Amino acid sequence: MSVRTRRQPEPELSFSDKELFDLALAWITLSVAFALLLAPIHRSPVTVGYFGAMVGLSFVTVGVAFLLHELAHKVVAIEYGQVAEFRADYQMLFLAVMSALIGFLFAAPGAVYHRGRITTKQNGHVALAGPITNHLLAVLFFPLMLFPGIIGTVGHLGVLINLVLAAFNMIPFGPLDGKTVLEWSKPVFGVVFGLSLVFVVGFYLTFGLF
């Protein structure tokens, strides 16, 4: 006599209206904040057109880096059977804009929150997905640097932003990804964090900030 077991439904990638709103708000706010840093229209002779161009540039570099970083967390969490959704931190988004207005950018726009039964290793994989995605995006942006003009600028900023985001999130502190990765595997943390620092410093020394 055989006993049939009911298979659990496969996890699906879906987005609630609230999650889509939060993702869009964080994407737009970060793009504006970074544009204010690059082209401080409030305290320098920057035209509206140039500032608008910087918002667009930020939208496809900073915005994409942030969005795909968070989606990577969500996808891996769902693959492990988690319920996962991004939630923006409205106070931190406000702080990002305010800090950009005075000349520096502090951005912690929100996070993917997931729940369900999960092992330490799986949780480490979820955390690691974000920084690894940023490294892959840096590789994809790099060829654009070979082109002159705006395409080259997009490539340069795309690589730099993704490398900075990967290294920053691997810091083993607070809610950052590095702490979760470290709790899972010290060797993996050491390799990824070390390479992230080498890549971002090496890129900066070789190609500069802008």
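Because the structure is a prediction, the values reported are computed rather than measured. (Residues numbered from 1 in each chain as written. Predicted model: local features only at pLDDT ≥ 70, side-chain atom pairs only at ≥ 80, totals over all residues. Heavy atoms only, no water.)

Engineer: Help me get a handle on the environment of Gly49, residues and values and all.
Structural biologist: Of note, Gly49 is situated in helix 2 (residues 48–79). For Gly49 and Met170, which are 121 residues apart along the polypeptide, the C-alpha to C-alpha distance reads 36 Å. (Helix = DSSP H or I, 4+ residues; strand = E, 2+ residues; numbered from the N terminus.)

Engineer: Describe the pairing of strand 1 (residues 83–88), listing the residues and the values that go with them.
Structural biologist: Burial along strand 1 is one-sided: the face carrying Ala84, Phe86 and Ala88 is buried and the face carrying Val83, Glu85 and Arg87 is not. Bridge count between strand 1 and strand 2 (residues 110–115): six bridges; the pairing is antiparallel. Note that in strand 2 the partner of Phe86 across the bridge is Val112. (Buried < 20%, exposed > 50% of the residue type's maximum accessible area, 1.4 Å probe, protein only. Pairing = 2+ DSSP bridges.)

Engineer: If you had to explain the packing of helix 2 against helix 4 (residues 120–141) to someone new, which residues and values would you point to?
Structural biologist: Put simply, helix 2 and helix 4 touch, their axes get as near as 8 Å, and they point 145 degrees apart. Our pair here, helix 2 against helix 4, has a crossing hand that is right-handed. Across the interface between the two elements, Val60, Thr61, Val64, Ala65, Leu68, His69, Ala72, His73, Val76 and Ala77 from helix 2 touch His125, Val126, Ala127, Ala129, Gly130, Pro131, Thr133, Asn134, Leu137 and Phe141 from helix 4. Class assignment of the residues belonging to the contact of helix 2 with helix 4 gives a composition of 13 nonpolar, seven polar and no charged. (Axes fitted to C-alpha atoms, helices over the stretch in contact; angles between N-to-C directions. Left-handed = near helix turned anticlockwise from the far one by under 90°. Contact = heavy atoms within 4.5 Å. Nonpolar A, V, L, I, M, F, W, Y, C, P; charged D, E, K, R; others polar.)

Engineer: If you had to explain the packing of helix 4 against helix 6 (residues 177–184) to someone new, which residues and values would you point to?
Structural biologist: Where helix 4 meets helix 6, the axes come as close as 8 Å, and the angle between the chain directions of the two elements is 145 degrees. Two packed elements cross with a definite hand, and for helix 4 against helix 6 that hand is left-handed. Only Asp177, Thr180, Val181, Glu183 and Trp184 of helix 6 make contact with helix 4, whose side of the interface consists of Thr120, Lys121, Asn123, Gly124, His125, Ala127, Leu128 and Pro131.

Engineer: How would you summarise the nonpolar core if you had to cite specific residues and measurements?
Structural biologist: By size, the foremost hydrophobic cluster in this structure holds 22 residues, and its most contacted members are Phe51, Val159, Leu163 and Phe203. Contributing elements (two or more residues each) for this core: helix 1 (17–38), helix 2, helix 3 (90–101), helix 4, helix 5 (149–169) and helix 7 (186–207). Looking at this core, the element that brings in the most residues is helix 5, giving six residues. Not counting residues within four places of it along the chain, the set of residues in contact with Leu163 comprises His135, Ala138, Phe199, Val200 and Phe203. (Core = buried A, V, L, I, M, F, W, Y, C linked by side-chain atoms within 4.5 Å.)

Engineer: Any details on the pattern of salt bridges? Residues and values, ideally.
Structural biologist: In this structure the tally under the stated criterion is three salt bridges. With its nearest N and O atoms 3.4 Å apart, the salt bridge here joins Lys18 to Asp22. Placement of both Lys18 and Asp22 in helix 1 is noted, with a separation of four residues, approximately one turn of the helix. Looking at Asp22, the relative accessible area reads 1%, which means it is buried. For Glu19, the salt bridge goes to Lys74, with nearest N and O atoms at 3.1 Å. Here Lys74 lies in helix 2 and Glu19 lies in helix 1, a separation of 55 residues in the sequence. Lys74 shares its class with Glu19; the two are buried. (Salt bridge = Lys/Arg side-chain N within 4 Å of Asp/Glu carboxyl O.)

Engineer: Run through the environment of Val188, naming residues and quoting values.
Structural biologist: Checked against the element boundaries, Val188 lands in helix 7. Considered as a pair, Val188 and Leu165 are 23 residues apart in the sequence and their alpha carbons are 18 Å apart. Setting aside chain neighbours within four positions, we find Val188 in contact with Leu128 and Val181.

Engineer: So what about the packing of aromatic side chains? Which residues, and what values?
Structural biologist: For the structure shown, the criterion picks out five aromatic pairs. On the basis of an interplanar angle of 10 degrees and a centroid distance of 4.5 Å, the ring pair of Trp27 and Phe59 is categorised as stacked. One end of the pair, Trp27, is in helix 1; the other, Phe59, is in helix 2, and 32 residues separate them in sequence. Taken together, Phe142, Phe203 and Phe207 form an aromatic cluster joined through their ring pairs. The lysine or arginine in question, Lys74, covers the ring of Phe15, its NZ or CZ lying 5.0 Å from the ring centre. (Phe/Tyr/Trp six-rings, centres within 6.5 Å; stacked < 30°, edge-to-face > 60°. Lys NZ or Arg CZ within 6 Å of the ring centre and 35° of its normal.)

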